[in-house]
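Survey of secondary and tertiary structure
So you can see what is in the structure, the chains are spelled out below.
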Amino acid sequence: MAQTASATVQIPVSSYIELKESIITNRKMLHAKYHSLAALNSRAAKEELSNFWVNNISNEFFNKWANTAWDFNGTTEQPGQGAIACGYFVTTILRDMDCKINRNKLAICASSQMMKALTATQKIKNLSYLSHQSFDEKIRQLGKGVYIIGLDFHTGFIVNDGIENWFIHSYYVKRVGVIKEKLIDSRALRSSKTKWMVSLTNDKDFLFKWLKG
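Predicted, not measured: the structure shown is a model, and the values here were computed from it.

In terms of regular secondary structure, the chain is built from 8 helices and 6 strands. Listing every helix and strand of the chain by position from the N terminus yields α-α-α-α-α-β-α-β-β-β-β-α-β-α. Along the first, second and third principal axes, the C-alpha set of the chain runs to 45 × 35 × 30 Å. The long-range share in the chain, meaning contacts at least 24 apart out of those at least 6 apart in sequence, stands at 59%. On the chain, roughly 10400 Å² of surface is accessible, and the fraction owed to carbon and sulfur atoms is 53%. Computed over 28 positive and 18 negative side-chain charges, the separation of the two mean positions in the chain equals 5 Å.

Structure representation (structure tokens):
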């Protein structure tokens, strides 16, 4: 099927390098289509950008990183090689989504500081008061999208794919490493007393900054 400058390219990828290259290509095409902050107000923009982020975080990147080992000092940049800590997992994925960030600096700071740096105009949601079941229901209410969660001593991505809620993270217990689990089944989420969260895909300022590159 022929591609146009207004359509998101669907390029089959086999290597991690190809995946990152496809992200850059698509980001540039999406920027050409949604070239102003006001353009992000449309339903079409919201759906296309949300779908793009959800698919890449929950499927493309996770499929590459799945089962990569966890280590407290893990800083690998290559999925399946070495080990990666939870903060480095989040910031490496964001960098490879072509976000212009300082991977190392954000990875080692408190998750709340990382979230403020990424979504400066967004108020961080404190959902610590919710029961685990209510937290799952809250994510369903917030809708399809990609979120960053900060727990007691842990961080990762929450993804609502429109059907199920997922927690994607580099898990420290028994050094499990990178996993994707149903939110409702996550022991890490259930046991954490604190839950601080921001949305990436519902933040126009974050998305426009990303689009511009």
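Anyway, onward from the coordinates.
Attention now moves to helix 8 (residues 204-212). Side chains three or four residues apart in an α-helix point the same way, a direct result of the helix having 3.6 residues per turn. All of the buried residues in helix 8 are Phe206, Leu207, Phe208, Trp210 and Leu211. Close packing links the buried residues of helix 8 with helix 1 (16-33), helix 2 (43-65) and helix 5 (111-118). The N-capping residue of helix 8, defined by a side-chain oxygen 3.1 Å from the backbone nitrogen of Asp205, is Asp203. At the C-terminal side of helix 8, Gly213 shows a positive phi close to 75°.

Take the packing of aromatic side chains next. What the rule picks out here adds up to 9 aromatic pairs. Ring centres of Tyr16 and Phe61 lie 5.9 Å apart, and the angle between their planes is 85°; on these two criteria the pair is classed as edge-to-face. Here Tyr16 is found in helix 1, whereas its partner Phe61 is found in helix 2, with 45 residues between them in sequence. Aromatic ring contacts, followed pair by pair, group Tyr16, Phe61, Trp65, Phe89 and Phe157 into a single cluster. The positively charged end of Lys195 is found above the aromatic ring belonging to Phe135, 5.7 Å away from the centroid.

So, about the packing of helix 2 against helix 8. In contact at an axis separation of 12 Å, helix 2 and helix 8 are set at 75° when each is read in the N-to-C sense. The orientation of helix 2 with respect to helix 8, classified from their angle, is roughly perpendicular. Across from Leu49, Phe52 and Trp53 in helix 2, the residues of helix 8 making contact are Phe206, Leu207, Trp210 and Leu211. A class-by-class count of the residues in the contact of helix 2 with helix 8 yields 7 nonpolar, no polar and no charged.

With that settled, consider the pairing of strand 2 (residues 145-150). Within strand 2, 6 of the 6 residues are buried, which leaves it mostly tucked inside the rest of the structure. Here strand 2 shows a buried face lined by Gly145, Tyr147 and Ile149 and a second buried face lined by Val146, Ile148 and Gly150. Linking two consecutive strands that pair antiparallel, namely strand 2 and strand 3 (residues 155-160), is a turn of 4 residues. Judged from the 4 bridges that link them, strand 2 and strand 6 (residues 196-199) form a sheet pairing that is antiparallel. Its bridge partner lying in strand 6, Tyr147 is registered against Ser199.

The backbone of Asp98 shows a phi angle near 75°, a positive value even though the residue is not glycine. For Asp98, the location among the structural elements is in the loop between helix 3 (86-96) and helix 4 (103-108). Overall, Asp98 belongs to the buried group, its relative accessible area being 12%. Positioned with a positive phi, Arg175 is a non-glycine residue whose angle comes to about 55°. Mapped onto the secondary structure, Arg175 falls in the loop between strand 4 (165-171) and strand 5 (177-182). According to the relative accessible area criterion, Arg175 is partly exposed, its value standing at 46%.

Let us now look at the pattern of salt bridges. Applying the stated criterion across every chain, the model contains 9 salt bridges. The salt bridge partner of Asp136 is Arg140, with a shortest N-O separation of 3.4 Å. Of this pair, Asp136 and Arg140 both sit in helix 6 (residues 132-142), separated by 4 residues, roughly a single helical turn. Judged by its relative accessible area of 4%, Asp136 falls in the buried class. A salt bridge links Glu164 to Arg140, with the nearest nitrogen and oxygen atoms 2.8 Å apart. Of this pair, Glu164 sits in the loop between strand 3 and strand 4 while Arg140 is found in helix 6, placing the two residues 24 residues apart along the sequence. A relative accessible area of 16% places Glu164 in the buried class.

Here is what the cut-offs are and how they apply
- Here the residue numbering is sequential within each chain, running from 1 through the sequence in written order.
- Residues qualify for local features only when their pLDDT is at least 70, as the model is predicted, and side-chain atom pairs are given and counted only at 80 or more; totals for whole chains, interfaces and linings, by contrast, use all residues.
- Side-chain metrics in this entry use all non-hydrogen atoms of the structure; hydrogen atoms and water are not considered.
- The helix and strand labels rest on DSSP assignments: H or I over at least four residues marks a helix, E over at least two residues marks a strand, and numbering proceeds from the N terminus.
- The contact criterion used is simple: two residues touch if any of their non-hydrogen atoms lie within 4.5 Å.
- In short, Shrake-Rupley with a 1.4 Å probe defines the accessible areas, and a residue's cover is counted only from the protein chains shown.
- Charged-residue counts in this description rest on Lys and Arg as positive and Asp and Glu as negative, His and the chain ends being excluded.
- All charge positions are set by atom: Lys at NZ, Arg at CZ, Asp at CG, Glu at CD.
- Between buried and exposed lies partly exposed: a residue is buried under 20% and exposed over 50% of the maximum accessible area for its type, with that area taken using a 1.4 Å probe on protein chains only.
- What qualifies as a polar contact is a pair of N or O atoms within 3.5 Å, subject to a donor-acceptor requirement within protein and to the restriction that residues adjacent in sequence count only when both atoms come from side chains.
- Stacked, edge-to-face and tilted are the three classes for Phe, Tyr and Trp ring pairs, Trp counted by its six-membered ring, which pair at centre distances within 6.5 Å; planes under 30 degrees apart are stacked, over 60 edge-to-face, the rest tilted.
- Placement of a positive charge over a ring is assigned whenever Lys NZ or Arg CZ falls within 6 Å of the ring centre and within 35 degrees of the normal to the ring plane.
- Angular values range over 0 to 180 degrees, each being the angle between N-to-C directions of two axes fitted as lines to C-alpha atoms, with helices fitted over their stretch in contact.
- Small angles under 35 degrees read as roughly parallel and large ones over 145 as roughly antiparallel, with 65 to 115 read as roughly perpendicular and the rest as oblique.
- Each residue gets one of three labels, nonpolar for Ala, Val, Leu, Ile, Met, Phe, Trp, Tyr, Cys and Pro, charged for Asp, Glu, Lys and Arg, and polar for the others, Gly among them.
- Strand pairing follows a simple DSSP-based rule, namely that at least 2 bridges must link the two strands.
- Each reported salt bridge corresponds to a side-chain nitrogen of Lys or Arg within 4 Å of a carboxyl oxygen of Asp or Glu.

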